[in-house]
Amino acid sequence: MKHYESSLRTNSTVDQAHDAVTKLHNAVTQASSHPTSQMLDQAENSLEHAEEAVRHAPEGSVGRQGVELVQERLEEEKRRLSSLDGQAGESQD
């Protein structure tokens, strides 16, 4: 039930940042499986959204709890996406 889920999460800016980075992870994973220009564009758009969410994460954190983790996850996804950008020319639509 939604009520149970919402009681476990505070929907804080840190939670929102984690969600955005998870969506970025999924977009990068899809782009790595299907490195078309459309998939890479979607991953780039997801990256922009995740970066914005991570920038705002400290605003809703208590003692920066969870902020470092979400920043680390974002950096890892940026590395993964960067490695795909190099492959983009090899298998474009």
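Residues numbered from 1 in each chain as written. Predicted model: local features only at pLDDT ≥ 70, side-chain atom pairs only at ≥ 80, totals over all residues. Heavy atoms only, no water.

A. Spotlight on the overall build of the chain. Within the chain, the regular secondary structure consists of four helices and zero strands. For the chain, the α and β elements follow one another from N to C terminus as α-α-α-α. Residues counted as buried form 33% of the 93 residues belonging to the chain. Residue pairs at least 24 apart in sequence account for 73% of intrachain contacts in the chain once pairs closer than 6 positions are excluded. Taken as a whole, the chain presents about 6,100 Å² of accessible surface, with 50% of it coming from carbon and sulfur. (Helix = DSSP H or I, 4+ residues; strand = E, 2+ residues; numbered from the N terminus. Buried < 20%, exposed > 50% of the residue type's maximum accessible area, 1.4 Å probe, protein only. Contact = heavy atoms within 4.5 Å. Areas by Shrake-Rupley, 256 points an atom, 1.4 Å probe, with all protein chains shown as cover.)

B. Highlighting the environment of Ser83. With respect to the element layout, Ser83 can be found in helix H4 (residues 67–87). Among the residues examined, Ser83 registers a relative accessible area of 43% and is labelled partly exposed. Each C-alpha atom, one on Ser83 and one on Ser32, is 9.3 Å from the other, the two residues being 51 residues apart in sequence. Among the polar contacts listed, one links the side chain of Ser83 to the backbone oxygen of Arg80, at a separation of 2.7 Å. (Polar contact = N/O pair within 3.5 Å; in protein donor to acceptor, adjacent residues only side chain to side chain.)

C. Region of the structure containing the side chain of Ser46. One can find Ser46 in helix H3 (residues 37–56). Here Ser46 is in contact with Ala20, Lys23, Leu24 and Ala27, once residues within four sequence places are set aside.

D. Structural view of the confidence of the model for the chain. Across the chain, pLDDT averages 85, with 80% of residues at or above 70. Per-element mean pLDDT across the chain ranges from 44 in helix H1 (residues 2–8) up to 97 in H3. (pLDDT = per-residue confidence, 0-100.)

E. Representation of the packing of helix H2 (residues 13–33) against H3 within the structure. It is at 8 Å that the axes of H2 and H3 come closest, and there the two elements cross at 165°. One finds that H2 runs roughly antiparallel with respect to H3. The two elements H2 and H3 cross, and the hand of that crossing is left-handed. Counted together, Thr13, Gln16, Ala17, Ala20, Val21, Lys23, Leu24, Ala27, Val28, Gln30 and Ala31 of H2 and Met39, Leu40, Ala43, Ser46, Leu47, His49, Ala50, Ala53, Val54 and His56 of H3 form the full contact between these two elements. The class makeup of the residues in the contact of H2 with H3 is 14 nonpolar, six polar and one charged. (Axes fitted to C-alpha atoms, helices over the stretch in contact; angles between N-to-C directions. Parallel < 35°, antiparallel > 145°, perpendicular 65-115°, else oblique. Left-handed = near helix turned anticlockwise from the far one by under 90°. Nonpolar A, V, L, I, M, F, W, Y, C, P; charged D, E, K, R; others polar.)

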